[in-house]
2 protein chains.
Amino acid sequence: MNGAESLVHTLLKSGIDTCFANPGTSEMHFVSALDRIPGMRCVLALAEGVVTGAADGYARMAGKPAATLLHCGPGLANGLSNLHNARRANSSIVNIVGDQATHHRPLDAPLTADTEGWARPVSAWTRTATEAATIGRDAAAAVQAARTAPGQIATLIAPSDTCWNAGGVVAEPLAPPPATRADEGAIAAIARVLRAGEPAVLFVGNAALRADPLAAAGRIAQKTGARVMAPTSNRRIERGAGRFPVTRLPYAVEPAVAALKGVKHVILVGAKAPVAFFAYPDKPARMYPDDCDIHVLAREDQDALDALTRLADALDARADAPFIERVAVEPARGAVTSEAVAQTVAALLPEHAVVVDEGVSFGRAFYPGTANAAPHDWLQITGGAIGNGLPLATGAAIGAPGRRIVSLQADGSAMYTVQALWTQAREQLDVTTVILANRKYAILLGELQGVGAAAGKTALDMLDLTRPNLEWVKIANGMGVEAAQADTIEKFADLFATANRRKGPFLIELVI
Amino acid sequence: MNGAESLVHTLLKSGIDTCFANPGTSEMHFVSALDRIPGMRCVLALAEGVVTGAADGYARMAGKPAATLLHCGPGLANGLSNLHNARRANSSIVNIVGDQATHHRPLDAPLTADTEGWARPVSAWTRTATEAATIGRDAAAAVQAARTAPGQIATLIAPSDTCWNAGGVVAEPLAPPPATRADEGAIAAIARVLRAGEPAVLFVGNAALRADPLAAAGRIAQKTGARVMAPTSNRRIERGAGRFPVTRLPYAVEPAVAALKGVKHVILVGAKAPVAFFAYPDKPARMYPDDCDIHVLAREDQDALDALTRLADALDARADAPFIERVAVEPARGAVTSEAVAQTVAALLPEHAVVVDEGVSFGRAFYPGTANAAPHDWLQITGGAIGNGLPLATGAAIGAPGRRIVSLQADGSAMYTVQALWTQAREQLDVTTVILANRKYAILLGELQGVGAAAGKTALDMLDLTRPNLEWVKIANGMGVEAAQADTIEKFADLFATANRRKGPFLIELVI
């Protein structure tokens, strides 16, 4: 058995059965091993940002890591920005990065790069394999690291000779350490704070945004009057009919500060204390009042459901807060506004759809406007590195088979990883992509004002995507995805309803 | 004057008048400053790999650095693979990477990343600005570093407050240190070796591949019988009619070893001793014989023309070797082979065209097959990180106005940075792109055999781009570039001739 075979066997034995791949020469033994070892679904992408973003989407929905297969330092580098997003989402990912053979690296051949140096800032665990006999053990350790709470990125660099040499040994799976539980003293102290009745916010993120912990948070809110709020950007929120509703902190500084005005206690549950996405001249950096106390109920790596349940019990909070009721609405008519798109999506969203929201500027009404829709999951770009949405949708479709993916995508952001459409076509994934074609980097127009910078012709030209217009129907067709353009909200509703009923991907260019 | 204005003024004063940009919030003050300070041509790209690859192409043709403008760590990360290629090409580039404000960085907002850590492996010079008063000086130092021989990458990270704060000071340009000259003793020793008449190769790279140093190498070859050879991948070769011809070392190990068989002396002129691009089981890593001596006439950072001229003088080599004569050929007819495409390109190549060659597997006949064409420059991907060609062509067009760019591009590689087409349309660049559509990662089929890996259905599926086919005419049209498909060599000739005569970009999908 060669090293590559021991690597693939160990990944499978450790529960990894999906590999998003953009391989090169140094990964050919791994690719070849897949022929002899059944069980690994290998998904090809044409750019590495698609590979890593898809692995993120897969992890968020499947609740376990996929592997990625990347080619040397530059292949990894192309995937780093979506690994940055994945790190901010606490997604479990096992990167397998092929590299120069151990004896070849000192010769500094053209493709030699600082693979480890690039990997470390996004990886909780980084290791370069040294020989075929131990790469199996390395792989088991990588999966263990990836599965360690709250979900981490592990990068195993595999020099080609560690894959082609004989002597590979399949390693047994290594169990990740159990998630730690919230401290009893912290729970008691926070219960005291909440009983005292000062204005408080339960600030819930990450695993606390699934239906059960949200319901527990709801019981606490019902009993104490505390509000429940989520960060601006989140990995996965279970919401819609039958769930406890959670509002998100606004992106812009002023409304975020307003939302937390007067709050005396922010209680963190799997979330960090909220800070501004960017600094702006003469604006605050922290979104909570200066005299507000920050309490940690559960860190991101602790069991949020357990912590919220125990806090609810400590408060004798047994009564569920009202859950969201389904409010049937009609698709919107009239102008193509953010609210109208939200209403149409809410009207036509399939049960248990997965919404991937990279709507950026135009998308600000989407989340509130879909609160009473059928039950669904809401996935966002978590690290601010745009170009996350199309890959996320691609991976989510593979991680959540049988559920429709609705990908609400700003046009400027979509272009960074547009190659994802080809993978959606190749794998015939059930993804409805809505390109919000405003033909500008609209968010930057706001940011230009936000930083107080004056805007003249040259500046505005840098934010303008009309010279030439991107023609999304052609681009999608060119990558094998059927597509159509909607220039009215009524046409959008027709296309959206039809797209969601079909098998395989469809793209709607919505001119806004 | 704010920091951003002092930064832009200093760049201009230091001779930088072109900026390839994909900006975000943290760069808005820089963008805004461009409105008030005339003289900087700002070129927008929709993905950062296009930005950095274009800056590489620009530097190779203009002989001076452009600036890039990138957004935070993830924006830089998206551009790293083409910076890797640029580093291998010794291209001069000044990266300006906006980042979190100095006081905001400790708060670890979502987009915060290890920007310096990612920059260092590709940058000879990396610095994070600390205040508005000194960012001008930082910029002057960055340009100096970028212009230091043989051409380097300098990365200046600009926290947003160093740009928006008042107190910016324009800095005077800093002269780079003069290129060092070859050692007199080395020249004398190499002259003795060459006079002795043992089989020798002048291995010339980088700046030694321009017309004048090649002519000097030709005089030495003419006098001594030494052969002149270039590495496999090179930043820029001046060739065609009127130049001294230089062959390249083959990519594959066996023919490369055969090409250097029996050679007793390899004399390096701006090149490194040749090693295999990748290691393969049981194949040699060094391409030259074990008993061969390696001599360094000039390092990459030394003046190659000076060194070759002095060596030629020491050898009393005054007679020019025969230069290439233009051999007019007809466009090919018949099957679409690599040789036929090369012949057609040779027949129709405009005078002083710039050929960007990322033909990969199918392109192997292109270089030899165009040896007798009109004078032209030949640019290659130097670091092996595919997805270099379309951006390189984009930047070359801006760095060499008035010259036709011919971009010979493998389809799989083209997809990594396909967004370059939009910039070509926006700037109406004179680029003829030829997509060599073999609809597979053909080079990897060879590499799969090369590493001795067996290939079955799963493996072959990972190298296959037919499910679905990429439709390049639609993709190009979708990004505003006119395009047509050629499925015969005759149709290709017609389209190629027409495309080269027009203004602006055109794409030909050549089905091979």
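Residues numbered from 1 in each chain as written. Chains lettered and ligands numbered in written order. Predicted model: local features only at pLDDT ≥ 70, side-chain atom pairs only at ≥ 80, totals over all residues. Heavy atoms only, no water.

With an unreviewed UniProt entry as reference, chain A is termed Acetolactate synthase large subunit, source organism Bordetella genomosp. 8. Among the UniProt annotations of chain A, the heading Sequence similarities (unreviewed entry) holds the following wording: "Belongs to the TPP enzyme family." (UniProt positions renumbered as here; feature names shortened; annotations may be inferred.)

Before going further, it helps to examine the packing of aromatic side chains. All names here are of chain A. Applying the stated criterion across every chain, the model contains twelve aromatic pairs over all chains. When the centroid spacing of 5.4 Å and the interplanar angle of 45° are considered together, the rings of tyrosine 251 and phenylalanine 277 count as tilted. Residue tyrosine 251 is found in the loop between strand E10 (247-248) and helix H10 (253-259), and its partner phenylalanine 277 is found in the loop between strand E11 (265-269) and strand E12 (293-298); the two are separated by 26 residues along the sequence. On the basis of relative accessible area, phenylalanine 277 is assigned to the buried category, the value being 13%. Note on phenylalanine 277 and phenylalanine 278: the rings are 5.2 Å apart at their centroids and 65° apart in plane angle, and the pair reads as edge-to-face. With relative accessibility at 5%, the residue phenylalanine 278 sits in the buried group. Here arginine 239 stacks its cationic end above the ring of tyrosine 367, 3.7 Å away from the centre of that ring. (Phe/Tyr/Trp six-rings, centres within 6.5 Å; stacked < 30°, edge-to-face > 60°. Helix = DSSP H or I, 4+ residues; strand = E, 2+ residues; numbered from the N terminus. Buried < 20%, exposed > 50% of the residue type's maximum accessible area, 1.4 Å probe, protein only. Lys NZ or Arg CZ within 6 Å of the ring centre and 35° of its normal.)

Looking now at the interface of chain B and chain A. Across the boundary between the two partners, chain B contributes 97 residues, which contact 97 residues of chain A. Across the chain B to chain A interface the summed buried area is about 7,900 Å²; carbon plus sulfur atoms make up 64%. Viewed at the interface, chain A and chain B are joined by eight salt bridges. Here aspartate 108 of chain A ties to lysine 272 of chain B by a salt bridge, and the two come within 3.3 Å at their closest N and O atoms. (Contact = heavy atoms within 4.5 Å. Buried area = accessible area lost by both parts, 1.4 Å probe. Salt bridge = Lys/Arg side-chain N within 4 Å of Asp/Glu carboxyl O.)

All names here are of chain A. Partitioning chain A into structural domains gives domain 1 (3-164), domain 2 (184-315) and domain 3 (338-511). For domain 2 and domain 3, the distance between their C-alpha centroids amounts to 29 Å. Taken together, the contact between domain 2 and domain 3 spans 20 residues of the former and 23 residues of the latter. A per-residue breakdown of the area domain 2 buries against domain 3 is headed by Arg239, Arg248 and Tyr251, which together make up 35% of the total. Among the salt bridges present, the one from arginine 236 reaches aspartate 377, with a minimum N-O distance of 2.5 Å. There are ten residue pairs in polar contact (both at pLDDT 80 or more) connecting domain 2 and domain 3. Elements with a contribution of two residues or more to the side of domain 2 that touches domain 3: strand E9 (237-239) and E10. (Domains from an automatic or database assignment. Polar contact = N/O pair within 3.5 Å; in protein donor to acceptor, adjacent residues only side chain to side chain.)

Least-squares fitting of chain B to chain A yields an RMSD of 0.0 Å, with the transformation described by 0.0 Å of translation along the axis and a rotation of 180°. Here the copies are linked by what is in effect a two-fold axis. Taken as a fraction of all interface residues of chain B, those also at the interface in chain A reach 100%, which identifies the copy contact as same-surface. (Least-squares fit on C-alpha atoms with pLDDT ≥ 70 in both.)

This next bit is on the side chain of threonine 68 of chain A. All names here are of chain A. Along the chain, the position of threonine 68 falls in strand E3 (residues 66-71). Owing to a relative accessible area of 0%, threonine 68 belongs among the buried residues under this scheme. A distance of 2.7 Å separates the side chain of threonine 68 from the side chain of asparagine 95, its partner in a polar contact. Leave out the neighbours within four places in its chain, and threonine 68 touches Cys19, Phe20, Val51, Ala55, Ile93, Val94, Asn95 and Ile96.

What follows deals with the nonpolar core. Formed by 195 residues in total, the largest nonpolar core has its most connected members in Leu11 and Leu80 of chain A together with Leu11 and Leu80 of chain B. Setting aside residues no more than four positions away along its own chain, leucine 11 of chain B makes contact with Ile16, Phe30, Met40, Ala67, Val94, Ile96, Ala139 and Val143 of chain B. (Core = buried A, V, L, I, M, F, W, Y, C linked by side-chain atoms within 4.5 Å.)

Residue and element names in this part refer to chain B. Reading across the sheet, the five strands line up as E10-E8-E7-E11-E12 and stay open at both edges, with parallel pairing between neighbours. A strand with exactly one partner marks an edge of an open sheet, and here the two such strands are strand E10 (247-248) and strand E12 (293-298). Note: strand E7 (residues 200-204) against strand E8 (residues 227-230), three bridges, orientation parallel. When the bridges of E8 are listed, phenylalanine 203 appears paired with methionine 229. Its contacts with the sheet put helix H11 (residues 304-314) on E7, strand E11 (265-269) and E12, and the angle it makes with E12 is roughly 110°. (Pairing = 2+ DSSP bridges. Axes fitted to C-alpha atoms, helices over the stretch in contact; angles between N-to-C directions.)

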